[in-house]
Structure formats: C-alpha cells, structure tokens
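Below are the chains, spelled out letter by letter.
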Amino acid sequence: MVGASEAAQMERLESQVDNGGGGAWEYLCLVRKLKARRSDKVLKHGLSILNDHRARSKLGAEEWTLYEQVAFAAMDCQQYDVANDCIALLSKQFPRSIRIGRLEGMLLESKGAWAEAEKVYARLLDDSPLDQIIHKRKVAMAKAQGDLSAAVKLLNKYLEIFMADHDAWRELAEIYVSLQMYKQAAFCYEELILSQPTVPPNHLAYAEVLYTLGGLENLQTAKNYYASTIALSGGKNTRALYGICLCSVAIRQLTKGRNKEEKEVSDLQTLAAEALQRDYKQRAPNKLPFLLSMLKNMKLNS
Amino acid sequence: MGAECCYEVSQIAYIKLVLHALKHRSAAVNGLLLGRLRQDGGATATVEIADTVPLSHSQIGLLPALELALIQIEEHFEAQGLSVVGYYHANERHDDVELGNAAKKIGDHIFRYFPRAAVLLLDNKKLERLQPSKGMDPVVQLYTRDSSKSWRQTGSDGSNQLTLKEPAANVVLLDYISSEKWQEIVDFDDHLDDISKDWLNPGLFN
C-alpha cells in the first residue's frame, strides 16, 4: 500500500530529477521503498549515477543495491545488455549468491526463455527450497505465459505453506477477479481482512467483490464493508461512499415492499450522499451536476 | 443485423484509447466508446465513434466503478447527442490477441442498449509496427456481435469495416507517443482515487 504523502513526494522528486534539479539517489531510494514501477525513469537516472565514477563511489556499499535496481529496470525496459552488464558485475562481487541467481533467472524470463529460467530456478530451489521469491517467480512465469489456471494452482500451493504472505493473497484475489471467479476472490479478501483488519483497501476490495456477486445477503455485507472502509479511512474514500449509495439502491430494488430497517439504514445513505456532495463541491465542481442527478435518480438526494 | 454497417472512429477517440493503454503498460485497460448511429440512406448505416472515456486500469472484472461510470458518462454525453456505442479493451499481455470473457460480458451489456455495439481490442503487434510513412490502418481490431450472439472479429471482407475518420490519425498518434503524451491521460479509476482529476480529459490535445 503506497501512502499518499510518500507517493506525492515521489512524484515531486521525479519531476525535480527529470528537470535536472538533482535528488536522483533520494528518488531511487523512495522508488525502492514504495516498490513503485517506474522502470524507464529508474533506468535513466540510475545509469547516470552508475556511469559517473565520482557519484558511484560516493554510494559506497549501496552501489550494489543500485546495480540490482537498475538491472530490474533494464529488464522491464527490454534493455537486456544493460541488465546483463549489471548482473555480471554483481555476480563478480557476490559469487554463488542466490539473490544474483534469481536475477539471472529473471533476465531469462524477461527474454521469454521460460524453459531456461525454470532450470535456473530449479537449481536454486535445490539449495534453498523455501525461497519465497523463487516460488513466486514460477507463478509470475505462468501468468506471463497466459496460463492463469496454472498460476492459480501454484499460488494456492504456495499459500498453503506461506499463508501469511499478504501480497500473495492479494495477487491471487486479483487473478480470480480477472477470471470472474468472484467467490474465490472473496475468500482471499476474507483471509486478508482476518490478518490485516485495519487496512482499508482490504475492506474496500471485499465490498466490491461482494457487490459484483450480487444477491441480497452479499449486498448487505458489501454495504457493511463499505461502511468499515469509510470508518477506517476517516470518511475520505470516494469509492466507499459511492459504494454505500450503489448498495442502497440495489438492496432497495431487491426488497421492494418490505419495510424492515428502512429508516435506520437510510441515515447511512444520506450521510454518504452528503459527504460526496460536499467533496465534489469543493474539489470537482464541474462534475457536481452529474453526481446530483445520479443521487436524485437513486432517491438519495434530500 | 442484416444491414451493412460501417464503423468510423474519430481521431480523438482513437488516440485517447491508445494513450490510455500506453500509460498502463503492465495492466489491462478498458473504456467506453461514445458516438451515434448515422443512417446513410439505403441499407447502409455508419456508427460514428466520436469520443472515448477511459475507464479502468485495475480490477476490470468488478462492477461498481463500471456502473458509476456508465451512469455519469451517459448523462454527460446525452447533451451532445452522443450515447454509449461500444467498449474498448487492451489486454495485459503483449501477445494476447484474444477477446477475454470480462470484455465480452461488458460488450454484451452495451449490446442490450445498442445492437450495433462495437468492441475494439488493441492490437499490440500492429501498434509496434506502426510507422509514419505507411499506416492508415487502425491498430485496433473490431468485434461485433453476430446472429449467434458471439463476438466475431470483423475482417476486411467488406461488411462491418472499421475506418479512421481522419486519415492522418496514425501520424498524429505517433507524434503524441514520442512526446509521451500518455502521462497526462486520466481515467475513471484515477477520478475515483482523486476526484479533482477529470475523466473527460479536457485540454489533453491543446
């Protein structure tokens, strides 16, 4: 999860470095920390440091971290020679290292040499059978070749052993969504909510999947999780506010005629509608008319 | 649909679509096509795709954002006499040229309201090969629904052809690509994350 303020800082640094204002190393560190995918910028600015003898020696031991980071970026930008050079330097410095071995595997992956990459990973797993990153590379390879059912199988096996890997649960959920296997995606988000109960994106994603599944019970649960998202994010989550409105309309359509809990439930809807209107008035006034007419049609506008 | 039907896509619609895909290279993206049906007299008709609104670059299979977008987008474009006439999609993987199930489902939904609905799928190989000297060929494939309710790719056999309205559209596209214009594109997802971002992308081509 990328914190909003750090993300903003990264954007600022990016434009600063792009315009020649310095701060390249700080930018690269932040990209690494936030695990952002900015490969073309990383490649450009990383190489400018590595190719400058003085700048490079100023880094000290961090120089090797930068070589690794640039190698990844180069692979992402199909600059295989650059990646190869970085990896060669790294393996000279750290012979027989698994971490470098993984890089070699990834270089093969990026070139589409799946069979060779498999061999490299199999060899590394022999020495280190519980290496999580290598197991996940196998999932990535399945996904990259378009074999989503293999990816799902591998991920499920992985999660049986490493069940605390939140990123893996999230990845599995997203693959399930792309396959329209919403029940299974919901299960993944349930695991995430159990282990990370105060992380709003988990609640939000769960609510969105439940809404997509549909049916009265799911819609009511979705509404609860949209509400918990709002509570956990200090009322600032636009998607959750909209979600409350969408759920209310859908529930009302399914329970036409029944009167239970209408009054109590409508307070939440009205509050959500009001919060949206306030926010749009302030930050997106040109879109306010669409919001208002949508709320009117949903009968949420008082 | 027995009658012949042509599909004509305007430069802004076309370019926005490609730029959206280029902004999110490692993800699938999608969006809505806005336009109108023009009767040309006789049995032929043309679907004019006048504009596009980029929708998502993540979790494309989920409904809430799609529903919100359809409501607000329809409302906005009604005033200009345009309605949703189709959907575009760009796959996550470079060499994936299949129209996936999520895309077909959304296409089906739009088909219910507009029977000549078009689904455009970005063809990455064509985009890669695009050069300024040759190429009035759009870098997207057109799919329409045939009588057996499945989405069929239209060929160059005459009926249901896709053309670029402005012949220089590819030249302009290449120009924008080299100036990295895609950085500025905003989709509905971006708007939901920060409502001050405008999914209409006004001033994108100024």
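Residues numbered from 1 in each chain as written. Chains lettered and ligands numbered in written order. Predicted model: local features only at pLDDT ≥ 70, side-chain atom pairs only at ≥ 80, totals over all residues. Heavy atoms only, no water.

(A) Looking closely at the packing of aromatic side chains. Following the criterion strictly, the structure yields nine aromatic pairs over all chains and no others. Seen in terms of ring centroids, Phe188(B) and Trp199(B) are 5.8 Å apart; in terms of plane orientation they differ by 45°. Their pairing is tilted. Residue Phe188(B) is located in helix 6 (residues 188–193), and its partner Trp199(B) is located in the segment after helix 6; the two are separated by eleven residues in the primary sequence. Using a relative accessible area of 1% as the deciding quantity, one classes Phe188(B) as buried. An aromatic cluster of three or more residues is present, and its members are Trp64(A), Tyr67(A) and Phe94(A). The residue whose ring lies beneath Lys287(A) is Trp199(B), and the NZ or CZ to ring-centre distance is 4.8 Å. Residue placement shows Arg145(B) over the ring face of Phe111(B); its charged tip is 3.9 Å from the ring centre. (Phe/Tyr/Trp six-rings, centres within 6.5 Å; stacked < 30°, edge-to-face > 60°. Helix = DSSP H or I, 4+ residues; strand = E, 2+ residues; numbered from the N terminus. Buried < 20%, exposed > 50% of the residue type's maximum accessible area, 1.4 Å probe, protein only. Lys NZ or Arg CZ within 6 Å of the ring centre and 35° of its normal.)

(B) View of the interface of chain B and chain A. Each partner contributes residues to the interface: chain B has 28 residues there, and chain A has 30 residues. For the chain B and chain A pair, buried surface summed over both sides reaches about 2700 Å², with 56% attributable to carbon and sulfur atoms. Applying the counting rule to chain B against chain A returns five salt bridges. Asp194(B) is the partner of Arg283(A) in a salt bridge, and the nearest nitrogen-oxygen pair spans 3.2 Å. Counting every contact that joins chain B to chain A gives 14 residue pairs in polar contact (both at pLDDT 80 or more). Listed by contribution, the elements that provide at least two residues to the side of chain B that touches chain A are helix 2 (63–78), helix 3 (101–113) and helix 6 of chain B. With eight residues, the single largest contributor to the side of chain B that touches chain A is helix 2 of chain B. Considered class by class, the residues forming the side of chain B that touches chain A number ten nonpolar, nine polar and nine charged. (Contact = heavy atoms within 4.5 Å. Buried area = accessible area lost by both parts, 1.4 Å probe. Salt bridge = Lys/Arg side-chain N within 4 Å of Asp/Glu carboxyl O. Polar contact = N/O pair within 3.5 Å; in protein donor to acceptor, adjacent residues only side chain to side chain. Nonpolar A, V, L, I, M, F, W, Y, C, P; charged D, E, K, R; others polar.)

(C) A look at the side chain of Thr212(A). Residue position: Thr212(A) is located in helix 13 (residues 200–213). Only 3.1 Å separates the side chain of Thr212(A) from the backbone nitrogen of Leu63(B), close enough to count as a polar contact. Those residues in contact with Thr212(A) that sit more than four places away from it in its chain are Tyr182(A), Gly61(B), Leu62(B), Leu63(B) and Pro64(B).

(D) Focus on the pattern of salt bridges. Evaluated as defined, the whole model comprises 27 salt bridges over all chains. One salt bridge in this structure joins Arg56(A) and Glu63(A), with 3.3 Å as the shortest N-O distance. Its relative accessible area of 14% is what places Glu63(A) among the buried residues. Members of the salt-bridge network, linked through shared partners, are Glu8(B), Arg36(B), Arg38(B) and Glu48(B).

(E) Local environment of the environment of Ser178(A). In this fold, Ser178(A) is placed in helix 11 (residues 166–178). Separated by 30 residues in sequence, Ser178(A) and Leu148(A) have C-alpha atoms that sit 9.4 Å apart.

(F) The arrangement of the nonpolar core in detail. Of all hydrophobic cores here, the largest spans 120 residues; its most connected members are Tyr226(A), Ile73(B) and Leu120(B). Sort the elements by how many residues they give to this core and helix 15 (residues 238–254) of chain A lands first, with ten residues. Setting aside residues up to four positions removed in sequence, Ile73(B) forms contacts with Leu32(B), Leu34(B), Val53(B), Leu55(B) and Trp199(B). By size, the runner-up hydrophobic cluster in this structure holds 37 residues, among which are Ala73(A), Met75(A), Cys86(A) and Met141(A). (Core = buried A, V, L, I, M, F, W, Y, C linked by side-chain atoms within 4.5 Å.)

(G) Main features of the sheet that holds strand 6 (residues 140–145) of chain B. All names here are of chain B. If you walk across this open sheet you meet the eight strands as 7-6-5-4-2-3-1-8, and the pairing is mixed. The open sheet has two edge strands with one neighbour each: strand 7 (151–153) and strand 8 (162–164). Strand-to-strand, the axes of this sheet are offset by a mean angle of 35°, without reference to chain direction. Bridging between strand 2 (residues 29–39) and strand 4 (residues 83–90) involves seven bridges; their strand directions are antiparallel. Within strand 4, the position partnered with Val 29 by the bridge is Ala 90. (Pairing = 2+ DSSP bridges. Axes fitted to C-alpha atoms, helices over the stretch in contact; angles between N-to-C directions.)

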